[in-house]
Amino acid sequence: GTDALTAFGLSASDTAHFADILATTATGANTSVGLMGETFKYAAPLAGALRYSVEDVATMIGLMANSGIKSTQAGTALRTMFSKLTDGATLTSAAFGEIEVETQTADGSMRGLSEIISELRLRFGEMTEAEKIYNAEQLVGKNAMSGFVTLMNAADGDFEKLSASINDCSGAASNMAKIK
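Note that the structure is a prediction, hence the values are computed from the model and not measured.

A. Summary view of the pattern of salt bridges. Within the structure shown, the criterion is met by 7 salt bridges. Here D156 ties to R121 by a salt bridge, and the two come within 2.7 Å at their closest N and O atoms. With D156 in helix α8 (residues 156–167) and R121 in helix α6 (residues 113–124), the pair connects residues that are 35 residues apart, well separated along the chain. By relative accessible area, which is 51% here, D156 ends up exposed.

B. Geometry of the packing of aromatic side chains. Going through the model one piece at a time under the given rule, you end up with 4 aromatic pairs. Here F8 and F40 contribute two aromatic rings whose centre-to-centre distance is 6.0 Å and whose plane-to-plane angle is 80°, an arrangement assigned as edge-to-face. Taken together, the residues F8 in the loop between α1 (2–7) and α2 (15–28) and F40 in helix α3 (residues 33–49) connect sequence positions 32 residues apart. Judged on exposure class, the residue F8 and its partner F40 are both buried. Of the aromatic side chains, those joined through ring pairs into one cluster are F8, F18 and F40.

C. Quick peek at α8. Helix length check: α8 (12 residues) gives 16 Å between terminal C-alpha atoms against 16 Å at 1.5 Å per residue, within 8%. Residues of α8 that are buried in the fold lie against α2, α4 (54–66) and α6.

D. Main features of the packing of α6 against helix α7 (residues 129–153). Remark: α6 packs on α7, axes separated minimally by 12 Å, with the N-to-C direction vectors making an angle of 100°. As far as their axial angle goes, α7 and α6 are roughly perpendicular. On the side of α6, the interface is formed by I117, L120, R121 and F124, while α7 contributes K132, N135, A136, L139, F148, L151, M152 and N153. Across the contact of α6 with α7, the residue classes break down as 8 nonpolar, 2 polar and 2 charged.

E. Broad picture of the environment of L139. Relative to the helices and strands, L139 resides in helix α7. The class of L139 is buried, set by a relative accessible area of 9%. Separated by 25 residues in the primary sequence, L139 and A164 place their C-alpha atoms 27 Å from one another. Apart from the residues within four sequence positions on either side, L139 is in contact with K84, L85, A89, T90, L91, F124 and F148.

Cut-offs used in this document
- Residues numbered from 1 in each chain as written.
- Predicted model: local features only at pLDDT ≥ 70, side-chain atom pairs only at ≥ 80, totals over all residues.
- Heavy atoms only, no water.
- Salt bridge = Lys/Arg side-chain N within 4 Å of Asp/Glu carboxyl O.
- Helix = DSSP H or I, 4+ residues; strand = E, 2+ residues; numbered from the N terminus.
- Buried < 20%, exposed > 50% of the residue type's maximum accessible area, 1.4 Å probe, protein only.
- Phe/Tyr/Trp six-rings, centres within 6.5 Å; stacked < 30°, edge-to-face > 60°.
- Expected span 1.5 Å × (residues − 1).
- Contact = heavy atoms within 4.5 Å.
- Axes fitted to C-alpha atoms, helices over the stretch in contact; angles between N-to-C directions.
- Parallel < 35°, antiparallel > 145°, perpendicular 65-115°, else oblique.
- Nonpolar A, V, L, I, M, F, W, Y, C, P; charged D, E, K, R; others polar.

See below:
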């Protein structure tokens, strides 16, 4: 846990908040705190370097877990996605031709992960099934493809509900402990 905190530039005083994020995600998605810890081990160093928020990464982990992509598999898929998407994403579809989804701001810093994923989800929503598979493989490669497609295909309601609960998770870990 503390390694993930450090990777995201958080300090020991953020431990309770991180525990709340894990508890909320485990409650709102088909995963456990232990499996998420394993995912964070692989994804956190790169996510932290790109200044992605813990909340956004936890949302992606939860959405992948709902489709059975968990633990090390989810962590390596996220790590690959983060790496491949640093320079932007070129998408092609009969619906819109070829477009570029920017992943960096004008000053070279990374856009927020939820912003990037939301824009990609919007574009993937306009694609045929075959185009989704083709674009996913072009963007992130064969190994990370199923995790990425899961994020692209997650229902808007599931995405928004999980994201909202994680971003408003204060006290979740102590509540979870009381329930147990």
